[in-house]
Amino acid sequence: TGGAYPTEATNGNGKKVCVATAWEYTKAIGHLTVEFDANGDVTSCGGSPKFGFDNTSMTFTDNTALNFTEAGRVRDYLVGLGGQWVVAAKDSATQTALTTFASQVSALKEQTIATVPSALCFDRFPGMGRSTICTRQMTQKHGGAACQLVAHAFMTVARTSQIAIQQAGGCRTDIESGNFTVDDAYTMLPFSNTLVTLALTGAQVKALLEDALDFALSPSGSSGGSYPYASGLRFAVDASQAKGSRISRVEVNARLLGQWAAINNTASYSVATNDYIAGGKDGYFTFSSGTGLVNTFSELAECLVQYSRKVKTLVEPPVSEFSTQAYTNSSGYVFSTWADPSAQFKLAVLHINDHHSHLAGERMTLPADRFGFQNDVRVDYGGYPRLVTAIGAMKAAATSSGHGVLKLHAGDAMTGSTYWSLFKGVADATMMAHLCFDAMALGNHEFDEGDAVLANFLTLLNNHTSLCPTMPILGANVVPGASSPLVGKIANSSTFTVNGQLVGVVGIDTQKKTMQSSSPSAGTVLTDERATAQAQIDSLIDTGVNKIILLTHIGYDLDMTWMVGLNGVDIVIGGDSHTLLGDDNTRTVGFSTGGAYPT
């Protein structure tokens, strides 16, 4: 290895910086966890490299398969190495796409509408225990993730809505891990209700929530079926209080596209809901006072199908997006509290770099004597199909522990294997869309075949909107020539709202190596890495962003000598040097590390 993961360093302000990089060829996933204090300064760096491996395809070196017991012994050994090895079956949708390219078969196989990396629990009241696969403890803080996801789906599909509200009783079941089908959507939402929108004032929204909760608590009410779930709307619940005082700290983030802010009592909000409770049923009496009702005439299950097909992967929403942020039951027992978000911010960065069109994965050999076998053992790991599954599970685990999540690629996606030679980026773009990075930095090899080839690749990346929204491509020190097709395709930085706070990401590519060893077109130049990065950091800070990530492609050594010393930087996620960072658990399987992860 090249160092520790993460590597800790000190920035120009004398403050802690976390530095991380994730090796190469999709073999490793960097899982960086960072904690900030109220001033936006890093207080701790943590995490480790992760390796998604297959525990069903292991063979001895004579190509005979391991039996169940033998495979279990190898699996337990790997999983026990500091949690760095993660069992990750191939994501079916991603593997299907890869197989299409590998075999050059044009016909697409039939796909389910979405995959579910980790089960989403169903419940009515938080901790009520209506789930068949989850314990009460799994829902007692914020309620069930299944109905929370349904509310988010309704808001997404109803494009004119700012928030969505769904009663718990309208949802019927858990969303189990695996494939999610059309039948699953109809099992979740079996009633022939339709999606509607209508307008309520902020004061009416508060009254609606109080009415619904009161009806859910009433002995003659709905057995918890009217408990409210919402998207773009969150609140604290104290069921031990009298009606009118049970719902507090109501906040709105319209379509989850901005910042959370206190609801405005006099403002009008467009609300998506179902036509049943829109008619004042299940205790939602205040809906009857709404205005401008529009019926989409789309059945609720079809709305969930539409949403599932769009996002492809169903994951538990971040804790910050759950409508129930704090919950005290009717007996006064406090199951969860709502901490001040300005006091602490937790971020998980899931990142890769330098995959160089290595899409299918790698194979390693473990010595037989480590397990008492007669033959050495081969283990398949890495590759985009496994990365999609592993990163989906890591994101779900991170969000459940209160971390915001960003998925980043630190450059050099292009060139390096026959997948590039045959498909010129089509295969890479498809794989990357299945993983759906939040941002990618440009690397030197992105310019190996000139600006036009890179521009076409960037177009391919953003042609998969059904799988992934537009992916920001970052290169603050990349200045395309006036006639370059790259004009307008590269951003200096991107700012993300993560759990209600702003995180800025700046992309930096290696100047000398790109200009001298790659082939940017005439007129396209790269500027000084350090000066450009500092200017972008300063610009972000001026706009109120106090959490800054440099997404670089200059190599681990230069990250450590150049980037960590800049003023205002908090995290450096790097690529280019193909450095694996880790510890003894990383090295014990035969990998060489260049430092600690994170440094």
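Cut-offs applied
Residues numbered from 1 in each chain as written. Predicted model: local features only at pLDDT ≥ 70, side-chain atom pairs only at ≥ 80, totals over all residues. Heavy atoms only, no water. Helix = DSSP H or I, 4+ residues; strand = E, 2+ residues; numbered from the N terminus. Rg over C-alpha atoms; globule rule 2.2 N^0.38 Å. Buried < 20%, exposed > 50% of the residue type's maximum accessible area, 1.4 Å probe, protein only. Contact = heavy atoms within 4.5 Å. Areas by Shrake-Rupley, 256 points an atom, 1.4 Å probe, with all protein chains shown as cover. Lys, Arg positive; Asp, Glu negative; His and termini not counted. Charge placed at Lys NZ, Arg CZ, Asp CG, Glu CD. Salt bridge = Lys/Arg side-chain N within 4 Å of Asp/Glu carboxyl O. Patch = residues over 30% accessible without salt bridge, like charges linked within 9 Å, V, L, I, M, F, W, Y side chains within 5 Å. Pairing = 2+ DSSP bridges. Axes fitted to C-alpha atoms, helices over the stretch in contact; angles between N-to-C directions. Disulfide = S-S within 2.5 Å. Phe/Tyr/Trp six-rings, centres within 6.5 Å; stacked < 30°, edge-to-face > 60°. Core = buried A, V, L, I, M, F, W, Y, C linked by side-chain atoms within 4.5 Å. Expected span 1.5 Å × (residues − 1).

A. Representation of the overall build of the chain in the model. Each helix and strand counted, the chain has 15 helices and 32 strands in total. Since a compact globule built from 599 residues should have a radius of gyration of about 25 Å, the 25 Å found for the chain is in line with a globular shape. Each of the three principal axes of the chain carries a C-alpha extent, and together these read 70 × 60 × 45 Å. In the chain, which comprises 599 residues, the share counted as buried stands at 57%. Sequence-distant contacts, at least 24 apart, represent 75% of the contacts inside the chain between residues at least 6 apart. Accessible area for the chain stands at about 22,100 Å²; split by element, carbon and sulfur atoms hold 49% of it. Here the chain carries 38 positive and 51 negative side-chain charges, and the mean point of each set is 4 Å from the other.

B. Geometry of the pattern of salt bridges. Inspection of the entire model under this criterion finds 12 salt bridges. Among the salt bridges present, the one from Arg234 reaches Glu251, with a minimum N-O distance of 2.8 Å. Note that Arg234 is positioned in strand 13 (residues 233–238) and Glu251 in strand 14 (residues 247–252), a separation of 17 residues in sequence. When the shortest N-O distance is used, the salt bridge between Asp576 and Lys513 registers 2.9 Å. Residue Asp576 is located in the loop between strand 31 (571–574) and helix 15 (584–587), and its partner Lys513 is located in helix 12 (residues 511–517); the two are separated by 63 residues in the primary sequence. The class for Lys513 is partly exposed, based on a relative accessible area of 34%. Overlapping salt bridges, with partners in common, bring together Arg234, Arg249 and Glu251 in one network.

C. Examining a nonpolar patch on the surface more closely. A surface patch of nonpolar side chains, amounting to about 200 Å² of accessible area, comprises Val479, Met515 and Val525. Positionally, Val479 belongs in strand 26 (residues 478–479). Val479 gets classed as partly exposed once you look at its relative accessible area, which sits at 37%.

D. A look at the sheet that holds strand 31. A sheet is described by the order of its strands in space; here six strands give the open sequence 2-3-31-30-28-27, paired in mixed fashion. Two strands lie at the open edges of the sheet, namely strand 2 (7–10) and strand 27 (493–498), each paired on one side alone. Taking each pair of neighbouring strands and ignoring which way they run, the sheet shows an average axis angle of 25°. Judged from the four bridges that link them, strand 3 (residues 16–21) and strand 31 form a sheet pairing that is parallel. Bridge pairing links Val19 to Val572 in strand 31. Each of strand 27, strand 28 (501–509) and strand 30 (548–553) is contacted by helix 13 (residues 529–542), which is oriented at about 165° to strand 28, the strand it contacts most.

E. A look at the sheet that holds strand 16 (residues 268–274). Spatial strand order, 12-9-16-11-17: five strands in an open sheet with mixed pairing. Edge positions in the sheet fall to strand 12 (228–231) and strand 17 (291–299), since each of these pairs with one other strand and no more. If you compare each strand with its neighbour and ignore which way they point, the axes differ by 25° on average. Two strands pair when backbone bridges link them, and strand 9 (residues 163–167) and strand 12 are joined in this way by four bridges, in the antiparallel orientation. Counterpart to Ala164 in the pairing with strand 12 is Ser231. Packing against the sheet, helix 5 (residues 202–217) makes contact with strand 9, strand 11 (194–201), strand 12 and strand 16, and its axis sits at approximately 120° to strand 11. The strands that helix 7 (residues 300–311) touches are strand 11, strand 16 and strand 17; relative to strand 17, the one it contacts most, it runs at about 75°.

F. Layout of the state of the cysteines. A full pass over the atoms with the stated rule returns four disulfides. Between the sulfur of Cys147 and that of Cys171 lies a disulfide, 2.2 Å long from S to S. The chirality of the disulfide connecting Cys147 with Cys171 is right-handed, given an S-S dihedral of about 65°. Taken together, the positions of Cys147 in helix 3 (residues 145–157) and Cys171 in the loop between strand 9 and strand 10 (178–180) put the pair 24 residues apart, joining distant regions of the chain. Note on Cys147: relative accessible area 1%, which makes it buried. Across a sulfur-sulfur distance of 2.1 Å, Cys436 and Cys468 are joined as a disulfide pair. Classification of the bridge connecting Cys436 and Cys468 rests on its S-S torsion, roughly 80°, and on that basis the disulfide is right-handed. Separated by 32 residues along the polypeptide, Cys436 in the loop between helix 10 (426–435) and strand 24 (439–441) and Cys468 in the loop between helix 11 (450–461) and strand 25 (473–474) bring together distant segments of the chain. Relative accessible area serves as the criterion here: at 4%, Cys468 is assigned to the buried category. Among the cysteines of the chain that take part in disulfides, numbered as they appear in the sequence, the pairing is 1-2, 3-4, 5-6, 7-8.

G. Quick look at the packing of aromatic side chains. If you walk through the whole model with that rule in mind, you get 22 aromatic pairs. Here the aromatic rings of Tyr5 and Tyr597 are separated by 0.4 Å at their centres, their planes lie at 5°, and the arrangement is stacked. Residue Tyr5 is found in the loop between strand 1 (2–4) and strand 2, and its partner Tyr597 is found in the segment after strand 32 (594–596); the two are separated by 592 residues along the sequence. Here Tyr5 falls in the buried class, since its relative accessible area comes to 2%. Assessed through its relative accessible area of 6%, Tyr597 is described here as buried.

H. Examining the nonpolar core more closely. In terms of nonpolar packing, the biggest core is built from 62 residues, with Ile175, Phe180, Leu233 and Phe287 touching the most fellow members. Once you skip the residues sitting within four places of it in the chain, Phe287 turns out to touch Ile165, Leu198, Leu200, Leu208, Val271, Thr273, Ile277 and Ala278. The next biggest cluster of nonpolar side chains, apart from the first, holds 46 residues, and it includes Leu406, Leu550, Val569 and Val572.

I. Structural detail: the pairing of strand 2. A one-sided burial pattern is seen for strand 2, the buried positions being Thr7 and Ala9 and the unburied ones Glu8 and Thr10. Pairing of strand 2 with strand 3, which is carried by four bridges, proceeds in the antiparallel orientation. If you follow Thr7 over to strand 3, its bridge partner there is Val19. Connecting the antiparallel pair strand 2 and strand 3 is a turn made up of five residues, with Gly14 showing a positive phi of about 80°.

J. Quick peek at helix 3. Here helix 3 is 13 residues long and its end C-alpha atoms lie 18 Å apart, about the 18 Å a rise of 1.5 Å per residue gives. When you tally the buried positions in helix 3, you get 13 out of 13 residues, the bulk of the element.

K. Local environment of helix 10. The buried fraction of helix 10 amounts to nine of the 10 residues, a majority that puts the element mostly inside the structure. Taken residue by residue, helix 10 has Ala427, Asp428, Ala429, Thr430, Met431, Met432, Ala433, His434 and Leu435 as its buried positions. Immediately downstream of helix 10, the backbone of Cys436 shows phi near 60°, a positive value.

L. Layout of the environment of Gly416. With respect to the element layout, Gly416 can be found in the loop between strand 23 (404–409) and helix 9 (418–423). Of the residues examined, Gly416 reaches a relative accessible area of 55% and is grouped as exposed. Sequence-wise, Gly416 and His355 are 61 residues apart; in three dimensions their C-alpha atoms are separated by 8.4 Å. Not counting residues up to four positions away in its chain, the partners in contact with Gly416 are His356 and His358.

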